[in-house]
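# A closer look at the structure
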Amino acid sequence: MCTAGNSDEIIILSDDEEEEDKENDLSCLIVELLTPVCVSDRVSSSSIQDEDVVVMFSRGADVLPHARHDCPVHPFVATEKETGAPVAKNQLICDQCFCYICDKLASLCVVWCHSGVCHCNSHLRSNFWNNVRYVHLVGDLAAFNLALSEIDSHLRRAGTEFSWLLHSTPSK
Ligand SMILES: [Zn+2]
Ligand SMILES: [Zn+2]
């Protein structure tokens, strides 16, 4: 019961606590794969998700943007010129599927399954669809040229009217 002696004691707490904190603060866990994962394994297991684990990075088998007819996820059935309705399951798309005609994500194509135009059946080995694609691209260019010439004529008319106003304004 001698309190005077206690004042000489030095208790070191900080070092151990810091070590513990570092060990507990594992916000990132690096897991090494012991067995290679193939694409089909990854796809089929994606439906079973552990909510505590978020996959931030995955090596290999990344799906790059592609035309729908080249999709590695959904099989494509090629026909020469079917525009009435999706052939087989051509309407199915993955996140990286592009419309061959619109040159944008298939999910943004407004006529993907539109009866009569049905872009989901388009592919590059069909003369019909290549022609549709060509007309679509040229159509955009033609519209752009028209817009330019329209702006040009509006500007010229505005310029003429402005100079007419300047000259016709009665001077006080
Ligand atoms: Zn795809
Ligand atoms: Zn389209």
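About the cut-offs
Residues numbered from 1 in each chain as written. Chains lettered and ligands numbered in written order. Predicted model: local features only at pLDDT ≥ 70, side-chain atom pairs only at ≥ 80, totals over all residues. Helix = DSSP H or I, 4+ residues; strand = E, 2+ residues; numbered from the N terminus. Buried ≥ 20, exposed ≤ 12 C-beta atoms within 10 Å, placed from the backbone. pLDDT = per-residue confidence, 0-100. Contact = placed C-beta atoms within 7 Å.

Our focus in this paragraph is unusual backbone geometry. Residue Asp 103 is not a glycine yet carries a positive backbone phi of 60 degrees. Assignment of secondary structure puts Asp 103 in the loop between strand 2 (97–98) and helix 4 (127–168). Overall, Asp 103 belongs to the partly exposed group, with 13 C-beta atoms counted inside 10 Å. Of note in this structure, Cys 118 is not a glycine but carries a positive phi near 25 degrees. With respect to the helices, strands and loops of the structure, Cys 118 is situated in the loop between strand 2 and helix 4. Accessibility expressed as a C-beta count within 10 Å gives 20 for Cys 118, which makes it buried.

Here we come to the confidence of the model for the protein chain. The predicted model of the protein chain averages 74 in pLDDT, with 51% of residues at 70 or higher. Confidence drops under a pLDDT of 50 for residues 1–7, and excluding neighbours within four residues, the segment shows zero contacts in the predicted structure. Counting contacts from residues 35–48, a segment whose pLDDT is below 50, to residues more than four positions away or on other chains yields three contacts.

Our next topic: the environment of Thr 79. In this fold, Thr 79 is placed in the loop between strand 1 (66–67) and strand 2. On the basis of neighbour counts, which here come to 14 C-beta atoms within 10 Å, the residue Thr 79 falls in the partly exposed class. Along the backbone, Thr 79 and His 123 are 44 residues apart, and their C-alpha atoms lie at a distance of 8.5 Å. The contact partners of Thr 79, leaving out residues within four places of it in the chain, are Val 87 and Asn 121.

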